[in-house]
Amino acid sequence: MTEEEKALAGMLYYAKEERLQKERERSQELSFEYNQLRPSQAEEREAIIRREMKRTGKHFRIEEPFHCDFWGRVSLGENFFANYNLTILAGNEVIFGDQVLIGPNCGIYAAGHAFDIKKRDAGLEYALPIHIGNHVWIVSGVTIGAGSIIAAESVVVSDIPSNVLAGGNPCKVIRKIREEDDKKFASLPNF
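Residues numbered from 1 in each chain as written. Predicted model: local features only at pLDDT ≥ 70, side-chain atom pairs only at ≥ 80, totals over all residues. Heavy atoms only, no water.

1. A closer look at the packing of helix H2 (residues 18-36) against helix H3 (residues 42-52)
Reasoning step 1: The contact between H2 and H3 brings their axes to 10 Å, and the two run at 160 degrees. As judged from the angle between their axes, H2 and H3 are roughly antiparallel. As for the relative orientation of H2 and H3, their crossing is left-handed in sense. On the side of H2, the interface is formed by Arg26, Leu30, Glu33 and Tyr34, while H3 contributes Arg45, Ile48, Ile49, Arg51 and Glu52.
Reasoning step 2: Along the lines of polarity and charge, the residues of the contact of H2 with H3 split into four nonpolar, no polar and five charged. (Axes fitted to C-alpha atoms, helices over the stretch in contact; angles between N-to-C directions. Helix = DSSP H or I, 4+ residues; strand = E, 2+ residues; numbered from the N terminus. Parallel < 35°, antiparallel > 145°, perpendicular 65-115°, else oblique. Left-handed = near helix turned anticlockwise from the far one by under 90°. Contact = heavy atoms within 4.5 Å. Nonpolar A, V, L, I, M, F, W, Y, C, P; charged D, E, K, R; others polar.)

Structure representation (structure tokens):
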């Protein structure tokens with residue numbers, strides 16, 4: 001099984017593997033190319049997105065700057081709109097439904113890291129898919145502290161401190177991160 005196949009299966013994988021690094025660099029080049037286009041070059045921007053993303057709706061717009069590490073894993077629904085400074089880390093698939101609006105300075109991260117520092121430092125990661133439904137509006141304006149983990153489907157409406165596990169709607173601190181938290185992942189292959 002390749003490192004990419006492991007990533008797409010939600011398994012722990014070596015993120016610094018040469019093929020993944022090359023694809024990440026290619027995606028960085030695409031982001032650079034996209035961000036160098038003038039605002040009046042809407043057709044050129046649209047052509048890059050249609051060519052490089054997994055799927056797009058008929059109508060969409062992503063304002064610059066835009067950054068994505070694996071363009072080919074991203075799908076945009078109909079009437080997708082992202083304001084300035086969207087970052088998508090697509091270690092796994094990222095699928096946006098129809099009528100999704102994203103406010104400025106937002107990030108969508110399908111990348112995960114072990115709780116254990118040694119495992120993170122070794123370059124091991126996991127990536128879980130993100131699916132955002134229809135008629136969603138994502139806004140920004142909060143700070144999440146260093147080392148914290150936000151549970152899936154959380155709605156972060158206020159600042160979250162460092163080194164905590166938080167989740168819910170609205171997102172609240174559940175508890176401090178503990179050393180034994182990684183035991184949950186011990187059953188994953190290559191962990």
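Picking up where we left off.
2. A closer look at the sheet that holds strand E6 (residues 86-89)
Reasoning step 1: The three strands lie next to each other as E3-E6-E9, forming an open sheet whose pairing is parallel. At either end of the open sheet lies a strand with only one pairing partner, and these are strand E3 (66-68) and strand E9 (107-109). Within the sheet, the average angular offset between the axes of one strand and its neighbour, ignoring direction, is 5 degrees.
Reasoning step 2: Examined bridge by bridge, E3 and E6 share three bridges and lie parallel to one another. Across the sheet, the residue bridging to His67 is Thr87, located in E6. (Pairing = 2+ DSSP bridges.)

3. Brief notes about the packing of aromatic side chains
Reasoning step 1: Here the structure, examined in full by the defined rule, presents four aromatic pairs.
Reasoning step 2: Residues Tyr34 and Phe66 carry aromatic rings whose centres are separated by 6.0 Å and whose planes lie at 75 degrees to one another, so their mutual orientation is edge-to-face. Of the two residues, Tyr34 sits in helix H2 while Phe66 sits in strand E3, which places them 32 residues apart along the sequence. Per residue, the accessibility class of Tyr34 equals that of Phe66, and both read buried.
Reasoning step 3: Consider the rings of Phe80 and Phe96, whose centres lie 4.8 Å apart with planes at 55 degrees: the pair is tilted. Here Phe80, found in strand E5 (residues 80-82), pairs with Phe96, found in strand E7 (residues 94-96); they are 16 residues apart in sequence, far enough to count as distant.
Reasoning step 4: In textbook terms, an aromatic cluster arises when at least three aromatic residues are bridged by ring pairs, as seen for Tyr34, Phe66 and Trp71. (Phe/Tyr/Trp six-rings, centres within 6.5 Å; stacked < 30°, edge-to-face > 60°. Buried < 20%, exposed > 50% of the residue type's maximum accessible area, 1.4 Å probe, protein only.)

None of this, on its own, says anything about what the molecule does.
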